[in-house]
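So you can see what is in the structure, the chains are spelled out below.
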Amino acid sequence: MSDLQIGLDNTVSAIQPGLVHSIWSIDTTAIEGTLEGILKHPSIYNATLVTSIDSTFTLGTPPHGEPSISRTYPMHQGTKPELWLGDLTILVSLENLHQSVFTYFWRTLALQLVKVLLISVFLLLMIRYLIMRHLEKICRHSTHSLRSTDPEELVLDRQEPAMADELSKIVKFINKLQDRVRDQASELHETEKQSHLERVEALQASHNKSLFIANISHELRTPMNNILGYSGLLQDTAQSDEQREYIYAVQQSSESLLAMLNDMLDLSKLESGALESDQCPTELKSLLQETIASLSSKADAKSLTIESYVDAAIPKKVVLDRVNLLRILECLLSVAISLTIKGQVVLHVVPVSSSGNTLTLRMAVEDNGAGLSAADKRRILANTFEAATAESLPEVGIGLKLALAREMIVLLGGRFGIESEVGKGSTFWFETDAGLLSAEDLSVSSDDSALQISHLLLADTNELSLRAIIEQLGEEGRLQIDVAKNIKDLEQLLDQVRDTGQPYDAFILDETIADSEDVAVEQITGLVRGIRQQPEHRSVPILVLSPHPKVETITHYHQAGASAYLSKVDRELVVRDVLYDQVTGRRSNAAMVLSPALARSLEQTRPSHGELYVLLVEDNEVNRNLARKMLEKCGCRVEMAENGEVALQQLGTGQFDMVFMDCWMPVLDGYDTTRRIRASNEPYRDIPIVALTANAFAGEKQKCFESGMNEFLTKPIRYEELAGIVRRFKEGALSEYV
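Residues numbered from 1 in each chain as written. Predicted model: local features only at pLDDT ≥ 70, side-chain atom pairs only at ≥ 80, totals over all residues. Heavy atoms only, no water.

A word on the packing of aromatic side chains. Given two aromatic rings, one states the distance between the centres and the angle between the planes to describe the pair. Summed over all chains, the structure comprises 4 aromatic pairs. Judged by centre distance (4.4 Å) and plane angle (25 degrees), the ring pair of Tyr-613 and Phe-656 falls under stacked. With Tyr-613 in strand β18 (residues 612–617) and Phe-656 in the loop between α19 (644–651) and β20 (658–662), this pair connects stretches of sequence that are 43 residues apart. For the pair shown, Tyr-613 and Phe-656 are each scored as buried. It is Lys-703 that lies over the ring of Tyr-671; its NZ or CZ is 4.3 Å from the centre. (Phe/Tyr/Trp six-rings, centres within 6.5 Å; stacked < 30°, edge-to-face > 60°. Helix = DSSP H or I, 4+ residues; strand = E, 2+ residues; numbered from the N terminus. Buried < 20%, exposed > 50% of the residue type's maximum accessible area, 1.4 Å probe, protein only. Lys NZ or Arg CZ within 6 Å of the ring centre and 35° of its normal.)

Okay, structure coming up:
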C-alpha cells in the first residue's frame, strides 16, 4: 500500500508543474491532456480537477463499488505558494494490489509447503533410521517367536546407549516375556503329557470298572436266576398256606433286588454322559399302555388302578425316543405305585408348546400317596445320587429310580420336576420334544376304517377313564355315547330303550360300576345276561373291562354272553379294534375276545402239545438243572452240555429241534460255539439258537444276534418268557430267523 502511495505521489509531482501552468493560463486542452496522461497509470481509473474558478474537469470511469482509494492534491502557483489554483483528486483501484497480494501469498505458501515437505521427509528418514527399523525388527522377531518352539534372544542393530531408552526397555521386556513363555510352554507340555497319561489311565479304569460291573452283574444274576426260578417252580407244587406265603415273600424280595440291580447298572452306564437315542414314529397311547402293562402285576398286587390319558390335541403319532421314554415312564410309574397305598395312579400327556415341526409334551405321573417334603424334593432335583437318601421315600429303590429317570431326562435334553405336598400325593413330570409327522406320513399311518355304529352305552365310574374312551371313540363323528356311572344309571338307560325304541349298537361295561370288588363279577355277569335277554340287544357287542382281570373269571363272562373280556391296561390299544371286528363280523361272536396278557395267561394253563427235543448248553450246574426243569415244564425233552465243545459233539449225534445257549462258558463260549454251528456244513447249521445271558449291558443283544443267535433271554429267566419262545417255535414263528 505504501508503494502505491509513493507511486501516486511521484506521478503527481511529475505532472504538477505543467498542470499548474495550464490552470494558470486557462488552457483547457492542456489540462485534459494532462489528465489523460494521469489515467495511463495502471492503478488510476478516475481523475477530477476542480479549479479555483469552479471549473471541473473529470476523466476516467466513475467508481462502481469496486475496492478503491482516493487522494487529493492541492495545486499552488510555484512562485506564489499562497495562491491556490485548484484540487486534483485521483481515484485508485485496489484490485491490482489485491491480485499482487494473492499472488505473493500463494507463492509464499508454496515455498513454505516445499520447505515443510523437505523437512518432513528428512525427519521421517531420521525416524526410520533411528526408530522404525528397530520396531520392524521387533515385529519380525515377535512373529518368528510365535512360530518357533525355541526363539532366539532379541538384539537390535545399534550401539547400546549409556542410559536405557524406550527401545532398550521394550527389548528387555520382550526377552523376559519370551523366557516366561518358554518356561510355561515347557510346563504345559509336561502337563499335557501327564494329562494324556492320566486320561489313558482313566479310560482303562473306566473299562476295568465296566468289566467289573459286567462281571458283578453276571455273578449276581446267576444266583438271582436260581432263586426266582426255583421259587417259581415251588409254586406249582403242593404247599401249605404258610409255605405259599414264604415263597411269595422270597419272590417279591428277589424281584425288588433284581429291579434295584438293574437300576444301579443303568445309572452306572449314564455316568459317561452318553445316552443312545433312537427317534422313531410312535403312537403315544400305545407307549403309555406298554408302560402300564409292564407294571400291571405290581399294581394288581396292591389292588391299584392305573389310568392313562393323552390329550386330544396331540396327533395320534409323533416322532420321539420310544425306548428311553418307556424306561423313564416305567421308573416314574413304579415310584408312584410304591408310594400309593390305595386308589389309583394316573399317567397323562398334554401339549405344552409348538414351534415349527416340534411339539413340546409334558408327561406326568400322579399318585395319591403320602407326598414328599420340600427338603426331599430339593435333594432329588439337585443331585442325582442324593435322591436315594430322601427321607420321605419308604424304600431306597424308589430314590434310585427317581435318580435314574432324572438323569435320563437331563441327557435327553428335557426338564424334570416334582409337584408334591406332604399328605397330598405327588406328581412327577418331565417335558420333552416330539417331532410332528408330515401330512403324507400321517395319511399312510391312519386307519380309514370307521365304526359302523351310532349308539353306544358306556358304563364306568372313573372320570378319566370315561374321558379317554369318549375321546377315542368320539372321533367317529356321528356316534352318540350315553354314560352310566353306576348300575342304577345303566338300568335306567336300558329302560329308556323300551320307551324310545332306539336300541344300543354296543356296550362297554367296566367292573368298577359294581357295588364292590367282591361282587363285581356276579353283578356284571347278571347285567350281561339281562342285556342279552332283550331281543334288540341279543347280538350286539358287549365288552367288559376290568382293572384286574383273572383267568378264572373268563368262563363266567363267556357263559353270560360277553363278547370280550379286556384289561383296562389295554383299553387304548384294543377297545376300538375289538368293537370294529365285532360290528363288521371280522371275528366270530361265538369266541370271546381276551386281552393279550389274559390270553397268554390262559394259554399257559393249557397242556402243551407236541414234544420238542432241546439241547441246553450251560456251565453252571444249578442253572442247568433249573433251566432243564423249566423246559420240561414247557413240554420239552432236554439234553444238557456243560460247554460249547460238548455241545458241538452232541449236535452231531442227535436230531435236536432247538438250542438254548449260555453265552459265558469255559473251554468254548456261546458266541464262538454259535459261529462254528453257522459256519459248518452240518445238517444242524440252521437250528434255532436262543441266547441265555446274565449280561444286561447295552450291546449284548446285538452281539448275540451278530454271532448267529435267533432269540435272546436275560437271566434271571422268567418261565413265561421261556414258555413263550417254546410256543412260538412250535407255531413256526422262529422259522423267519433260520
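From this point on, the discussion continues.
With parallel pairing, 5 strands are arranged side by side in an open sheet as β19-β18-β20-β21-β22. One side of each edge strand has no neighbouring strand; the edge strands of this open sheet are β19 (636–641) and β22 (711–714). Neighbouring strand axes in the sheet, compared pairwise and without regard to direction, differ in orientation by 20 degrees on average. Note that β18 and β20 share 4 bridges and pair parallel. Bridging from a neighbouring strand, Leu-616 pairs with Phe-660 of β20. Its contacts with the sheet place helix α21 (residues 700–707) against β21 (689–693) and β22, and it is angled at close to 145 degrees to β22. Along the sheet, helix α22 (residues 719–730) contacts β18, β19, β20, β21 and β22; its crossing angle with β22, the most-contacted strand, is approximately 165 degrees. (Pairing = 2+ DSSP bridges. Axes fitted to C-alpha atoms, helices over the stretch in contact; angles between N-to-C directions. Contact = heavy atoms within 4.5 Å.)

The geometry of helix α6 (residues 284–294) relative to helix α8 (residues 322–339) is characterised by a closest axis approach of 9 Å and an angle of 45 degrees between their N-to-C directions. Taken as axis vectors, α6 and α8 run oblique relative to one another. For the crossing formed where α6 meets α8, the hand is right-handed. Facing α6, whose interface residues are Ser-286, Leu-287, Leu-288, Glu-290, Thr-291, Ile-292 and Ser-294, α8 presents Arg-322, Leu-325, Leu-326, Leu-329, Glu-330 and Leu-333. Class assignment of the residues belonging to the contact of α6 with α8 gives a composition of 7 nonpolar, 3 polar and 3 charged. (Parallel < 35°, antiparallel > 145°, perpendicular 65-115°, else oblique. Left-handed = near helix turned anticlockwise from the far one by under 90°. Nonpolar A, V, L, I, M, F, W, Y, C, P; charged D, E, K, R; others polar.)

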